[in-house]
Amino acid sequence: MANFKGHALPGSFFLLFGLWWSVKYPLQYLSQKVNKKSHRAYCFQRVDAIEGGIKIFFSLTGMLAEQFVPDGPHLYLYSGEKHDWVKLMNWQHTTMYLFYGLSGVVDVFTFFSQLVPQGLDRLMLAVAVFVEGCLFYYHVLHRPMLDQHIHSLLLITIFAGAGSILLEVFLRGNIVLEMFRALLTIVQGTWFWQIGVVLFQPWGGPVWDENDHSNIMFLTMCFFWHWAAAVAILAVNFSLAYCCLQRLHRGSGEPYISLGLRQQKGDSSSQAAFLNGSDEE
């Protein structure tokens, strides 16, 4: 949909997933630091499967919205009467949602079947993000300068995300890559909203001059403000996850991440006993 809703809808999907990942992966990482029980790993695997189901639902919602809005193509790709393509922009968005839906299907199969190779879920997600980037690259060719620039900034997060997720195929469970994926997904979601606001002014206001270079300079700066806000969100969520897990472990009578200190105390007491024994001899 070439309107504000067409950008706000995928932006909301990406933002929700990015915020969730910014909470999920710190919890997973910090809980494994303390206790590497198999049932906890199984719980997080179930969460991955639920994520896949949500991804399928969001994708179907997006595909139906792109096809069956009042001015949508309604599953018509080519018009025989006009001898022309029908709403290719909507079809491109539908294709993007299709690959994210396939990624969700692989997520679900990865949980339920042992035959699915490990890492295939990350590979399919990387493919989906790469397809999104390719679609958007050719989405804005021969468009006004401001339109091209604001979408090209989005391509930075998309292709960076595809490369980062591809690394996760081989470095699974790497907290740095997982948090970087959450960061890029948050930025992608907020920037979709930014694109909709700039190009379509949903709440009114003056129209942006698409040929003014100052607007391009401002939007480039604004793009990295989105990055800074996403970094702050990750820092806050990681700190909250740490504090919550620490409080839970204190409530159970087990100090959180203090094994090294206890070991050092044990070592010092044993050394003192050994020295005392030597003095007595």
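Because the structure is a prediction, the values reported are computed rather than measured.

**Details of the overall build of the chain**
Piece 1. The secondary structure content of the chain amounts to 8 helices and 2 strands.
Piece 2. Helices (α) and strands (β) of the chain occur, in sequence order from the N terminus, as α-α-β-β-α-α-α-α-α-α.
Piece 3. Buried positions account for 41% of the 281 residues belonging to the chain.
Piece 4. For the chain, long-range pairs separated by at least 24 residues make up 73% of all intrachain contacts whose partners lie at least 6 apart in sequence.
Piece 5. Of the roughly 15900 Å² of accessible surface on the chain, 67% is carried by carbon and sulfur atoms.

**Here's the deal with the layout of surface pockets**
Piece 1. There is about 520 Å³ of room inside the largest pocket.
Piece 2. Around the largest pocket, the lining comprises 23 residues; the ones closest to its centre are Gln 45, Asp 48, Thr 110, Gln 118 and Arg 172.
Piece 3. If you list the elements that add at least two residues to the lining of the largest pocket, you get helix 1 (4-34), helix 2 (38-68), helix 3 (88-112) and helix 4 (120-137).
Piece 4. In terms of residue class, the lining of the largest pocket is built from 7 nonpolar, 9 polar and 7 charged.

**Focus on the side chain of Asp 121**
Piece 1. Of note, Asp 121 is situated in helix 4.
Piece 2. You can call Asp 121 buried: its relative accessible area is 5%.
Piece 3. One polar contact links Asp 121 to Arg 172, side chain to side chain, over a distance of 2.8 Å.
Piece 4. Apart from the residues within four sequence positions on either side, Asp 121 is in contact with Ser 103, Val 106, Asp 107, Thr 110 and Arg 172.

**Brief notes about empty space enclosed by the protein**
Piece 1. For the structure on display, the rule yields 4 cavities of 30 Å³ or more.
Piece 2. For the largest cavity, the calculated volume is near 280 Å³.
Piece 3. Lining the largest cavity are 22 residues, and of these Phe 14, Trp 21, Tyr 100, Leu 125 and Thr 185 lie nearest its centre.
Piece 4. Those elements that place two or more of their residues in the lining of the largest cavity are helix 1, helix 2, helix 3, helix 4, helix 5 (145-170) and helix 6 (175-200).
Piece 5. Residue composition of the lining of the largest cavity, by class: 14 nonpolar, 6 polar and 2 charged.
Piece 6. If you trace the second largest cavity, you find it lined by Trp 21, Lys 24, Tyr 25, Asp 48, Glu 51, Lys 55, Ser 103, Asp 107, Asp 121, Arg 122, Leu 125 and Arg 181.
Piece 7. When contributions to the lining of the second largest cavity are tallied by element, the ones reaching two or more residues are helix 1, helix 2, helix 3 and helix 4.
Piece 8. Grouping the constituent residues of the lining of the second largest cavity by class yields 3 nonpolar, 1 polar and 8 charged.

**Describing unusual backbone geometry**
Piece 1. For Leu 75, which is not glycine, the phi dihedral falls at a positive 70°.
Piece 2. In this structure, Leu 75 sits in the loop between helix 2 and strand 1 (78-79).
Piece 3. In this structure, Lys 87 takes a positive phi of about 50° despite not being glycine.
Piece 4. Among the structural elements, Lys 87 can be located in the loop between strand 2 (84-85) and helix 3.
Piece 5. Relative accessible area serves as the criterion here: at 40%, Lys 87 is assigned to the partly exposed category.

**As for the confidence of the model for the chain**
Piece 1. Summarising the model, the chain shows a mean pLDDT of 85, and 85% of its residues fall at 70 or more.
Piece 2. When the criterion is pLDDT under 50, residues 258-271 qualifies, and its contacts beyond four places in sequence or with other chains add up to 3 contacts.

Criteria and cut-off values
- Residues numbered from 1 in each chain as written.
- Predicted model: local features only at pLDDT ≥ 70, side-chain atom pairs only at ≥ 80, totals over all residues.
- Heavy atoms only, no water.
- Helix = DSSP H or I, 4+ residues; strand = E, 2+ residues; numbered from the N terminus.
- Buried < 20%, exposed > 50% of the residue type's maximum accessible area, 1.4 Å probe, protein only.
- Contact = heavy atoms within 4.5 Å.
- Areas by Shrake-Rupley, 256 points an atom, 1.4 Å probe, with all protein chains shown as cover.
- 1 Å grid on protein atoms, 1.4 Å probe; cavity = no way out; pocket = protein on both sides within 12 Å on 5 of 7 lines; lining within 4 Å.
- Points joined across faces, edges and corners; volume = space filled by probe spheres on them.
- Nonpolar A, V, L, I, M, F, W, Y, C, P; charged D, E, K, R; others polar.
- Polar contact = N/O pair within 3.5 Å; in protein donor to acceptor, adjacent residues only side chain to side chain.
- pLDDT = per-residue confidence, 0-100.

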